[in-house]
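Commentary on secondary and tertiary structure
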Amino acid sequence: MNKSLKYFQENQKWIMPLLAILILAIFLAVRSGQPLLSGSETYHHLNSAKEITWENFYYLPLNFVMNFLPLNFLMVIPLLLAFICIILFYRIAEKSGFEKDLTAVFLLLLLFTPAFINTFTTISAYSYFAFLVLLSLNLLQSKKWKMLAVFPIILGTFIDLFSILIFISIMLIYLFINKKNKDDPQQNKDYFFLIILGLMFFINWLIFKIPFVSGPFHQQSVLPDLISDLGGLSGLSLFVIVFSLIGLGIAWKKKYYSLAYLFLPFILFGYILLSTQLIFYLTLILILFSALGFVKVFSKKWKLKRIKYFTILLFILGLLFSTLSYLDRFSELSPTEDAHDALLALEKATVSGEVIFSDKINAEYITYFAERSPAVSYKQGESILQNIYNANYIQDLFPILEENEISIIYLTPEMKEDLPSEYGLNLLLKNEKFKLVYSQEDYEVWVYNLG
Amino acid sequence: MQKKHQYWLIAIFLVTLLTRLILAFSIPNLTYDSYFDLRHVEYISQHGLPLYQDPLSYGGRELIFLPFFHYLSALFDLFLPLALITKILPNLLFASLTIIVYLISRDYSAPESNAPLFSAFIAGFLPILYTTNSFSASSLLLPLIFLALYAFLNINRKKYLYLYIGAFLLASLTSSATIMLLIGFSIYFLLFILEGQKVKRAELEIMLFSLFFYIWLQFVFFKDTFLHEGISFIWQNIPPQMILNYFPKITLAQALLLVSAIPFVTGVLVAYRSLFKLKDRKTFLLISFVIATTLLTWFRLMEFQLSLAFFGIILSILFSQFYNESKDYFQKTKAPQTWKIFISIIIILLIVTTVLPAIATAFSQETPSDEDIAAFSWLQENTPENSTVASLLEEGPLVAYYGQRKNFMDNRFTLVDNVEGKFTDLDKLFKTQLETEALRITDQYNIDYIVLTPQAKERYAVDTLPYKSADGCFDRIYYNKTKIYNIGCSLEKTEVQE
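The following refers to the structure shown.

Reading guide: rules and limits
- Residues numbered from 1 in each chain as written.
- Chains lettered and ligands numbered in written order.
- Predicted model: local features only at pLDDT ≥ 70, side-chain atom pairs only at ≥ 80, totals over all residues.
- Heavy atoms only, no water.
- Salt bridge = Lys/Arg side-chain N within 4 Å of Asp/Glu carboxyl O.
- Helix = DSSP H or I, 4+ residues; strand = E, 2+ residues; numbered from the N terminus.
- Buried < 20%, exposed > 50% of the residue type's maximum accessible area, 1.4 Å probe, protein only.
- Phe/Tyr/Trp six-rings, centres within 6.5 Å; stacked < 30°, edge-to-face > 60°.
- Contact = heavy atoms within 4.5 Å.
- Buried area = accessible area lost by both parts, 1.4 Å probe.
- Polar contact = N/O pair within 3.5 Å; in protein donor to acceptor, adjacent residues only side chain to side chain.
- Expected span 1.5 Å × (residues − 1).
- Arc of directions from axis to C-beta.
- Pairing = 2+ DSSP bridges.
- Axes fitted to C-alpha atoms, helices over the stretch in contact; angles between N-to-C directions.
- Left-handed = near helix turned anticlockwise from the far one by under 90°.
- Nonpolar A, V, L, I, M, F, W, Y, C, P; charged D, E, K, R; others polar.
- Parallel < 35°, antiparallel > 145°, perpendicular 65-115°, else oblique.

This model, assessed by the stated rule, comprises 17 salt bridges over all chains. Lys254(A) is the partner of Glu99(A) in a salt bridge, and the nearest nitrogen-oxygen pair spans 3.0 Å. Here the residue Glu99(A) occupies a position in the loop between helix H4 (76-96) and helix H5 (100-111), and Lys254(A) occupies one in the loop between helix H12 (238-250) and helix H13 (260-274), the gap between them amounting to 155 residues. For Glu99(A), a relative accessible area of 34% gives the class partly exposed. The partner of Arg39(B) in a salt bridge is Asp54(B), and the shortest N-O contact between them spans 2.4 Å. Of the two residues, Arg39(B) is situated in helix H2 (residues 34-47) and Asp54(B) in strand S1 (residues 53-54); the sequence distance between them amounts to 15 residues. Like Asp54(B), Arg39(B) is buried. The structure contains a network of salt bridges with shared partners spanning Asp425(B), Lys428(B), Glu437(B) and Arg440(B).

Here you go:
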């Protein structure tokens with residue numbers, strides 16, 4: 001084996017976390033000059049953590065950090081989570097005897113995948129969940145601290161019900177792999193944790209009423225959200241998906257890895273039928289298959305040696321291509337600098353309690369930056385959005401605005417592009433009842449004279 | 001190769017080429033679509049780089065295409081006039097299929113068998129390929145794909161490996177339709193798994209390499225298209241109203257005519273025997289390609305004309321197997337001499353079902369008349385440089401090539417915003433009775449001129465623009481069978497009041 005490859009293999013448990021930090025830092029750096037944290041989900045959690053009640057007490061850690069750190073410094077949270085997750089993952093891999101090659105390929109593919117980058121550059125429930133699961137498994141593997149696992153296990157159940165089911169499946173696999181003696185007291189403790197997970201599922205479902213899948217936080221679309229090269233919010237490289245298909249064909253031959261087949265249909269159905277928010281879980285499972293495929297294909301001796309090297313090169317180029325293409329888009333993710341300025345202007349131009357109409361994608365930003373109530377969000381107001389978008393006459397538009405007490409219209413360049421220029425809202429805004437109070441870089445704030 | 005075969009092959013090649021050239025030169029001008037490629041070849045000849053920011057198509061937009069065919073044509077342009085190249089090069093490339101098909105068929109036959117010659121002849125006169133006046137990348141793509149296929153069949157020998165790589169790389173740089181080859185490989189792989197057989201390792205390796213190279217290259221060229229259009233990039237942003245033109249529903253009789261009845265029937269027979277009885281590796285590969293093209297056409301993922309051409313060529317190769325099997329069969333009967341009668345009948349049938357429909361196909365190509373071209377050329381001399389001209393969709397490339405003016409629409413739809421709306425408005429421009437409606441459209445898209453060709457008149461059953469009035473809004477400035485109108489008015493906007 002090549003010397004540098006050998007060095008990498010032996011020291012990967014330190015190189016990988018640092019590489020993760022480097023990649024994520026590059027992504028955050030391209031956002032300099034604008035809020036470093038992007039995405040509706042980030043601001044949903046920040047909004048939720050502003051005030052703590054008994055119903056959202058699990059936001060307490062975030063609330064605590066928010067009190068000490070300004071917004072842009074909050075980016076250390078996902079970075080830290082990524083760093084710790086990889087270290088915890090290596091500890092589990094070592095104890096469980098995972099193959100070194102496979103672990104390295106799995107993590108390398110993961111680090112360059114947009115779904116991972118998106119999850120660990122934003123305040124995301126799933127990055128937190130990944131950390132809690134890995135921490136639980138680490139504690140479960142230790143005899144001394146085993147009982148402490150109860151804390152991350154309980155905390156991990158407040159994400160959504162789907163994640164609890166994932167957690168339960170992971171625990172079952174853990175128990176299956178580590179089954180020893182039925183009378184072993186350590187083993188019995190593991191069953192205790194499983195029971196806790198089951199109980200928490202019902203408590204969260206019936207008392208806290210947490211959703212089955214969190215979100216949505218963006219306009220969902222199954223294929224583009226899966227294949228990052230098609231312009232979705234995150235997703236995976238098509239090259240990784242191709243290898244995951246190869247991995248799917250060979251995983252059944254490998255002990256324990258065949259268990260991954262159980263996850264795939266469950267997550268895939270969830271992804272397609274419930275929410276593409278589950279892309280992070282789908283990514284993990286597909287990358288596992290992909291790493292299996294990659295190791296299988298390239299660890300064999302090829303008959304056409306040069307073709308082998310060229311194929312590896314193409315794969316690496318393809319993977320980097322998807323990552324770099326995502327980097328391009330990442331800098332333009334909301335909220336941009338212009339959007340940030342417009343939202344601050346929105347705050348100044350309005351008084352507390354005013355209701356603001358904008359696209360649902362802007363709801364969390366309006367709540368966080370302008371500290372005003374949006375009329376439309378992913379959870380409510382779809383009909384208001386459609387009615388206002390479809391209004392062609394002031395007789396149609398004014399009653400909707402008055403009925404919903406909307407006094408401000410916040411338009412973004414994306415909304416203006418979607419709206420017809422010759423008729424509809426764009427034309428109706430020329431009515432004397434509307435006053436343009438902010439206009440910069442295609443962001444506009446219009447005040448509607450209610451009553 | 002036997003000397004006798006060599007002479008016959010050269011003769012088939014020359015007859016094919018000559019027939020094609022005679023037809024190409026006897027039909028005036030090129031097919032409408034060809035003028036798009038022609039303009040880009042000219043640009044490459046002059047500037048050395050492809051025109052990816054096209055200032056004339058759709059009034060100016062980004063237009064990415066795979067450039068190898070254009071570069072190859074530009075290379076010939078260095079020592080031959082472009083007018084000659086547009087007629088000679090595509091026909092030379094199509095004629096070269098006879099040689100490639102011969103080589104592939106030879107691998108299926110005994111050295112002394114005449115079967116490959118029959119296959120070469122069928123490939124040379126497949127009616128679907130007789131678009132002799134079309135100057136497009138598919139004339140290069142098909143020979144390259146079949147050359148790659150030939151090399152793949154012999155991949156264990158080093159020189160064929162290089163041949164495969166070369167042919168595949170060039171095909172990938174010529175057209176995205178190279179995916180046919182990859183889908184064919186995938187089906188071949190699946191057929192082998194279903195049969196419980198093992199695919200050769202070298203074949204697997206080359207398939208994987210091809211797949212990655214293809215995907216990577218498509219990303220390099222079409223990154224923006226993928227991001228902009230998402231999964232719809234497969235349908236090239238074709239407006240729904242036009243989908244049937246690109247992916248028409250076709251009857252069995254039409255398909256028989258276009259790929260010729262004899263190869264079709266014999267191909268089906270061979271495919272049946274190979275799939276369920278003989279299970280020969282090479283035939284499996286060819287049948288995989290038949291399945292691939294059928295699926296791609298069925299799901300409307302590939303342009304109909306191209307997939308049928310691909311299908312026809314494979315059938316011509318499969319014919320050699322039919323020839324060999326039926327000859328063997330006749331030799332085993334009590335009257336082996338009947339073979340000669342049988343093959344004579346086949347030859348007559350082949351000539352009737354290939355040559356005649358091929359010539360008919362050539363004469364039914366849609367090309368602009370000299371008079372149309374004169375009208376479009378007139379635009380260049382008599383209209384302001386920055387003006388926009390509306391014409392029929394297929395005439396868009398003529399506006400840009402001969403008129404050197406911005407067209408309102410042409411038939412390259414990728415990366416065009418609201419293509420469906422534009423298409424509807426173009427249709428309205430020729431159909432509407434209302435002058436205000438026409439002015440709304442011309443205002444919205446800044447259209448300065450409308451060209452009404454005899455083809456447009458026939459399509460919309462009009463003789464002049466229906467809303468042409470006496471107020472000078474639509475001035476006829478070019479009088480002939482083709483008419484050109486200058487738009488002299490615009491609608492005034494009124495304020496919306498409560």
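Now that the structure is up, let's keep going.
We now examine the packing of aromatic side chains. To describe a pair of aromatic rings, one takes the distance between the centres and the angle between the planes. Under the counting rule described, the total for this entry stands at 87 aromatic pairs over all chains. A ring pair is formed by Phe398(A) and Tyr448(A), whose centres lie 5.2 Å apart and whose planes are at 40°; its orientation type is tilted. One end of the pair, Phe398(A), is in helix H19 (residues 394-403); the other, Tyr448(A), is in strand S5 (residues 443-448), and 50 residues separate them in sequence. The pair Phe398(A) / Tyr448(A) is uniform in exposure class, with both members buried. With a centroid separation of 6.3 Å and 45° between ring planes, the pair formed by Phe221(B) and Phe222(B) is classed as tilted. Under the relative-accessibility criterion, Phe222(B) is labelled buried at 12%.

In this assembly, 27 residues from chain B lie in contact with 33 residues from chain A. Summing the contributions of chain B and of chain A, the shared interface buries around 2,800 Å²; its carbon and sulfur component is 77%. Across the chain B-chain A interface, the total number found is one salt bridge. Our count for the chain B to chain A interface comes out at five residue pairs in polar contact (both at pLDDT 80 or more). Within the residue set of the side of chain B that touches chain A, elements represented by two or more residues are helix H7 (158-174) and helix H9 (201-229) of chain B.

A separate point is helix H18 (residues 419-431) of chain B. Residue and element names in this part refer to chain B. Between its first and last C-alpha, H18 extends 18 Å over 13 residues, near the 18 Å set by a 1.5 Å rise per residue. Within H18, burial applies to Val419, Lys422, Phe423, Asp425, Leu426, Leu429 and Phe430. Buried residues along H18 cover an arc of 165° about the axis, so they all sit on one side. Along its buried surface, H18 packs onto strand S3 (388-390), helix H19 (435-444), strand S5 (449-452) and helix H20 (454-460).

This part covers the environment of Phe212(A). Residues and elements named next belong to chain A. Positionally, Phe212 belongs in the loop between helix H10 (185-206) and helix H11 (222-226). Considered as a pair, Phe212 and Asp160 are 52 residues apart in the sequence and their alpha carbons are 5.4 Å apart. For Phe212, the residues in contact, after removing those within four places along its chain, are Asp160, Leu161, Phe162, Leu165 and Leu274.

In this section: the sheet that holds strand S4 (residues 406-407) of chain B. All names here are of chain B. Read from one edge to the other, the open sheet built from five strands follows the order S4-S3-S5-S7-S6, with strand pairing classed as mixed. Looking at strand neighbours, the two that pair on one side only are S4 and strand S6 (474-478), the edges of this open sheet. With two bridges joining them, S3 and S4 adopt parallel strand pairing. Its bridge partner being in S4, Val389 is matched across the sheet by Asn407. Against the sheet, helix H16 (residues 370-382) contacts S3, S5, S6 and strand S7 (483-487), and its axis sits at roughly 110° relative to S6. Of the strands in this sheet, S5, S6 and S7 touch H19, which is tilted by about 70° from S6.

It is worth spelling out the pairing of strand S3 (residues 406-411) of chain A at this point. Residue and element names in this part refer to chain A. Within S3, six of the six residues are buried, which leaves it mostly tucked inside the rest of the structure. Direction of pairing for strand S1 (residues 355-357) relative to S3: parallel, over a ladder of three bridges. By the bridge assignment, Phe357 is partnered in S3 with Ile409. Judged from the four bridges that link them, S3 and S5 form a sheet pairing that is antiparallel. Across the sheet, Tyr410 pairs through a bridge with Val445, a residue of S5.

Glancing now at unusual backbone geometry. Along the chain, Gly215(A) connects to Pro216(A) via a cis peptide bond; the corresponding omega equals 0°. Here Pro216(A) lies in the loop between H10 and H11. A positive phi is found at Tyr58(B), a non-glycine position, where the angle reads about 55°. Looking at where Tyr58(B) falls in the secondary structure, it is placed in the loop between S1 and strand S2 (61-62). Notably, Asn418(B) is not glycine yet its phi reads approximately 45°, a positive angle. In this structure, Asn418(B) sits in the loop between S4 and H18.

We now examine the packing of helix H8 (residues 179-194) of chain B against H9(B). Residues and elements named next belong to chain B. H9 packs onto H8 with a crossing angle of 145° between their chain directions and a minimal axis gap of 10 Å. Here the hand of the crossing between H8 and H9 comes out left-handed. In this structure, H8 uses Ile179, Leu182, Phe185, Tyr188 and Phe189 to contact H9, whose residues at the interface are Glu203, Leu204, Met207, Ser210, Leu211 and Tyr214. Considering only residue class, the contact of H8 with H9 consists of nine nonpolar, one polar and one charged.

Moving on, we come to the packing of helix H9 (residues 161-177) of chain A against H13(A). Residues and elements named next belong to chain A. At a minimum axis distance of 12 Å, the contact between H9 and H13 shows a crossing angle of 175°. Between H9 and H13, the angle falls in the class roughly antiparallel. Counting all contacts with H9, which are made through Phe162, Leu165, Ile166, Ser169, Ile170 and Ile173, the residues of H13 involved are Phe263, Phe266, Ile267, Gly270 and Leu274. Here the contact of H9 with H13 is composed, by residue class, of nine nonpolar, two polar and no charged.

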